[in-house]
Amino acid sequence: MTSLAQVGMGTTLAGVALPSPVLTASGCSAAGRELAPYLDVAELGAVVTKSVMLRPRSGRATPRMAETPSGMLNSIGLQGPGIEAFLEHDLPWLAARAARAVVSIAGGSVEEFVQLAGRLVGAPGVALLEVNISCPNVASRGQVFACDPRAAADVIAAVKDAADVPVLAKLSPDVTDIVTIAAACVQAGADGLSMINTLLGMAIDTDTLRPILAGITGGLSGPAIRPVAVRCVWQVHAALPEVPILGMGGIMTGLDALQFLLAGASAVSVGTAVFHDPSAPARVARELRDALADRGIPGVADVVGLAHRDGRR
Amino acid sequence: MTVPSQVRARLVGSEPVGAYHLLTLDAPAVAAGAGPGQFVAVAVGGPGSAMLLRRAFALYTADPATGLVQVVVAEHRPGTAWLVHSPVGTELDLVGPLGRPFPLPAAAGTAVLVAGGYGSAPMFDLARRLRERGSAVHLVLGAATGERLFGADEAPHVADTVTVTTDDGSTGRRGLVTDGLTALVEDTAADVLYACGPMAMLRAVGEIAAAYAVPCHVAVEEAMACGIGVCMTCVLPVIGADGRSRMVRSCTEGPVFEASRVRWKDVGTLPADVVGADAMGGHR
Ligand SMILES: Cc1cc2nc3c(=O)[nH]c(=O)nc-3n(C[C@H](O)[C@H](O)[C@H](O)COP(=O)(O)OP(=O)(O)OC[C@H]3O[C@@H](n4cnc5c(N)ncnc54)[C@H](O)[C@@H]3O)c2cc1C
Ligand SMILES: Cc1cc2nc3c(=O)[nH]c(=O)nc-3n(C[C@H](O)[C@H](O)[C@H](O)COP(=O)(O)O)c2cc1C
Ligand code: FES
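Rules behind the numbers
Residues numbered from 1 in each chain as written. Chains lettered and ligands numbered in written order. Predicted model: local features only at pLDDT ≥ 70, side-chain atom pairs only at ≥ 80, totals over all residues. Heavy atoms only, no water. Pairing = 2+ DSSP bridges. Helix = DSSP H or I, 4+ residues; strand = E, 2+ residues; numbered from the N terminus. Axes fitted to C-alpha atoms, helices over the stretch in contact; angles between N-to-C directions. Near = heavy atom within 4 Å. Polar contact = N/O pair within 3.5 Å; in protein donor to acceptor, adjacent residues only side chain to side chain. Areas by Shrake-Rupley, 256 points an atom, 1.4 Å probe, with all protein chains shown as cover. Nonpolar A, V, L, I, M, F, W, Y, C, P; charged D, E, K, R; others polar. Phe/Tyr/Trp six-rings, centres within 6.5 Å; stacked < 30°, edge-to-face > 60°. Buried < 20%, exposed > 50% of the residue type's maximum accessible area, 1.4 Å probe, protein only. Contact = heavy atoms within 4.5 Å. Buried area = accessible area lost by both parts, 1.4 Å probe. Salt bridge = Lys/Arg side-chain N within 4 Å of Asp/Glu carboxyl O.

(A) Representation of the sheet that holds strand β1 (residues 5-17) of chain B in the model. Residues and elements named next belong to chain B. Taken in spatial order, the six strands close into a barrel running β1-β2-β5-β4-β3-β6, and their pairing is antiparallel. With direction set aside, neighbouring strand axes in the sheet form an average angle of 45 degrees. When β1 meets strand β2 (residues 20-26), the two strands line up antiparallel, connected through seven bridges. Counterpart to Val17 in the pairing with β2 is Tyr20.

(B) Geometry of the site of ligand 1. The environment of ligand 1 is formed by 22 residues, the closest being Ala56, Val72, Arg77, Thr80 and Glu221 of chain B. Chains contributing residues to the immediate surroundings of ligand 1 are chains A and B. The separation between an oxygen atom of ligand 1 and a polar main-chain atom of Ala74 of chain B is 2.7 Å. Out of a free accessible area of 830 Å², ligand 1 has 89% covered by protein chains. Of all the secondary-structure elements, those providing two or more residues to the shell around ligand 1 are β5 (65-68) of chain A together with β4 (55-63), β5 (68-74) and α2 (78-84) of chain B. In the shell around ligand 1, the residues fall into 13 nonpolar, three polar and six charged.

(C) Just the packing of aromatic side chains, in detail. Enumeration over the complete set of coordinates arrives at six aromatic pairs over all chains. Seen from their ring centres, Phe113 of chain A and Phe145 of chain A are 5.6 Å apart, and the 85 degrees between their planes marks the pair as edge-to-face. On the criterion of sequence distance, the pair formed by Phe113 of chain A in helix α2 (residues 110-120) and Phe145 of chain A in the loop between β10 (143-144) and α3 (149-162) is long-range, its members being 32 residues apart. On the basis of relative accessible area, Phe113 of chain A is assigned to the buried category, the value being 0%. Classification of Phe145 of chain A as buried rests on a relative accessible area of 1%. Seen in terms of ring centroids, Phe102 of chain B and Tyr194 of chain B are 5.5 Å apart; in terms of plane orientation they differ by 90 degrees. Their pairing is edge-to-face. Of this pair, Phe102 of chain B sits in the loop between β6 (91-98) and β7 (110-116) while Tyr194 of chain B sits in strand β11 (residues 192-196), and the two are 92 residues apart along the sequence.

(D) Looking closely at the pairing of strand β13 (residues 235-239) of chain B. Most of β13 of chain B sits out of view: four of its five residues are buried. The hairpin turn running from β13 of chain B into strand β14 (residues 245-249) of chain B, its antiparallel successor, is five residues long, and Gly243 of chain B in that turn takes a positive phi close to 85 degrees.

(E) Spotlight on the interface of chain B and chain A. Residue-level contacts link 39 residues of chain B with 38 residues of chain A. With both chains or domains summed, chain B and chain A bury close to 3,200 Å², and 59% of this area falls on carbon and sulfur atoms. Where chain B touches chain A, the interface holds three salt bridges. A salt bridge links Arg249 of chain B to Glu34 of chain A, with the nearest nitrogen and oxygen atoms 3.0 Å apart. Summed over the shared surface of chain B and chain A, the result is 14 residue pairs in polar contact (both at pLDDT 80 or more). At the level of elements, β1, β6 and β14 of chain B are the ones that each hand at least two residues to the side of chain B that touches chain A. Its residues placed into classes, the side of chain B that touches chain A shows 25 nonpolar, eight polar and six charged.

(F) A look at the site of ligand 2. All names here are of chain A. With respect to spatial proximity, 22 residues lie near ligand 2, and among them Ser26, Ser51, Lys170, Gly250 and Thr272 are the closest. One of the side-chain N or O atoms of Lys170 is found 2.8 Å from an oxygen atom in ligand 2. Thr272 places a side-chain nitrogen or oxygen 2.6 Å from an oxygen atom of ligand 2. Surface burial for ligand 2 is 97%, taken as the share of its 600 Å² of free accessible area covered by protein chains. By residue class, the composition of the shell around ligand 2 is seven nonpolar, 13 polar and two charged.

Below you can see the structure in the form of structure tokens.
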């Protein structure tokens with residue numbers, strides 16, 4: 001047994017030291033402010049903000065969500081105020097609380113990503129950028145950047161040039177071979193990888209006999225996708241053991257988080273769980289600390305990728 | 001505004017009332033400072049539930065003295081079914097009070113309150129508060145059937161007049177809740193309207209209010225995933241103070257809106273003139 005106080009919860013993600021390995025997930029905690037009644041944002045590893053774009057965006061029509069077994073579908077359409085309002089209202093709020101921000105950026109072209117990264121240079125409290133490449137590429141008739149190694153690499157290389165903080169590429173699981181995309185992003189300069197984004201899904205209303213979501217298809221998240229996410233982290237860590245990974249997909253508990261660390265993630269994001277339990281990121285961190293103590297493990301750093309090693313306890 | 005709390009609340013009462021279930025919960029932190037029109041979000045299915053999303057319910061009562069809150073639940077699909085069948089003593093994970101309450105007028109006057117189905121739940125507390133401040137209150141309750149009326153017996157205790165309508169005529173007048181509303185607004189010289197119920201009803205009440213140029217506050221019901229403002233699922237097109245329309249979160253900026261600001265016929269669509277619609281490109 002390790003005593004609770006002795007468990008080292010600090011971790012390093014893409015060269016950035018974080019006091020906790022548990023972060024929020026992009027699009028699931030806005031820019032942190034709404035969580036203030038339920039947890040202390042400064043105690044989280046970081047707040048990963050909703051993907052921000054250059055201009056204000058309305059998002060799609062409603063219905064935008066459907067609950068599914070152990071999961072949900074969403075088709076929000078990246079509603080947000082745009083980068084200028086984000087810089088004016090959202091980042092300062094986090095910085096004033098000494099919370100670290102991982103700013104997620106999204107664009108429809110390489111140029112848009114570059115402009116976003118440029119606007120964020122020198123902004124207060126930004127620890128990392130997370131590049132949401134699960135966006136349709138306007139230049140290739142809407143094909144998602146994350147599904148094409150060349151397009152993904154182009155975005156990452158350009159953002160890397162423009163940014164003054166380490167850059168994470170956020171990968172989509174909707175690809176034949178996630179290791180190929182991961183390797184292309186790393187080659188292009190990504191300092192780390194976030195995985196996974198939602199899986200494309202769909203549900204049909206058997207009363208109206210039509211799709212439930214106004215956007216027809218939507219992103220599946222929650223515990224339903226956890227095994228897919230753990231598999232993705234495992235495969236990428238096996239192929240690229242030196243590359244830092246921010247793992248996510250269906251984490252509800254500390255033991256779920258531990259699976260991701262064991263598979264090779266250095267830190268994790270808690271997304272959909274926040275809708276179930278607004279204090280989830282703080283609770284998951286506590287439960288993870290307890291789980292490490294119970295297993296006599298000194299700290300987070302000791303379990304990253306541990307499941308890949310020979311032998312078991 | 002009160003800061004919401006997340007609490008473990010014991011279910012201390014659960015009883016059928018007509019077509020609904022009246023649930024009583026011991027939740028002092030939620031009861032303190034809650035206003036009419038605010039809601040709670042309840043986790044359903046117990047620990048490890050496959051139903052991830054909370055269910056939202058308007059507060060029917062919230063008593064800071066006893067620490068009890070009550071909600072009126074219509075059994076609908078699995079989440080509400082689990083809730084109404086939970087035995088007394090069950091610990092529920094509750095977040096609230098959420099959203100903005102109905103605003104109370106600065107001066108005493110005459111208010112007409114219109115409710116459809118379980119939409120009457122928040123109206124009783126609202127009526128009491130209006131009367132405490134010297135306003136006259138006229139309450140109109142409507143539902144599809146008598147079973148689906150909630151609070152018709154209690155209504156005379158909180159309002160100066162009560163009008164009851166049902167679609168099938170099983171209780172009160174036959175017809176829609178809005179049928180006699182124009183006459184009521186005129187006869188009482190109402191200077192404010194409040195409404196809670198189905199969207200079509202809210203829209204109709206809003207139109208009557210507009211015709212008489214009186215303010216009208218309505219509580220909308222949009223599907224919600226988080227209830228706390230982080231997911232952006234619960235939006236509807238609302239005209240802002242600057243005259244521009246935006247997709248606005250009904251969980252944090254609502255559920256109460258001034259009816260004239262809601263673009264009723266555009267709910268469920270993405271109007272081209274909403275702020276940021278031009279940035280959607282192929283994403284519509
Ligand atoms: C502000 C507000 C106040 C409400 N007040 C009451 C009330 O006082 N009494 C009452 O009986 N019901 C009320 N509702 C509706 C109630 O939340 C839904 O009927 C309930 O969530 C349905 O759950 P279910 O498991 O039966 O249905 P499901 O269809 O299985 O629910 C699946 C998901 O969709 C969401 N959802 C489905 N229908 C609705 C809906 N109509 N509104 C919001 N979310 C929905 C659920 O929250 C859940 O996330 C209110 C809703 C809102 C937004
Ligand atoms: C409502 C909702 C909105 C999301 N928005 C974004 C987003 O803006 N950018 C992004 O990179 N991922 C977004 N995601 C994906 C999550 O960040 C996360 O990758 C995914 O949901 C898996 O984790 P989870 O199961 O813990 O939610 C969103 C997910 C949900 C449910
Ligand atoms: S329900 Fe999530 S933002 Fe309103």
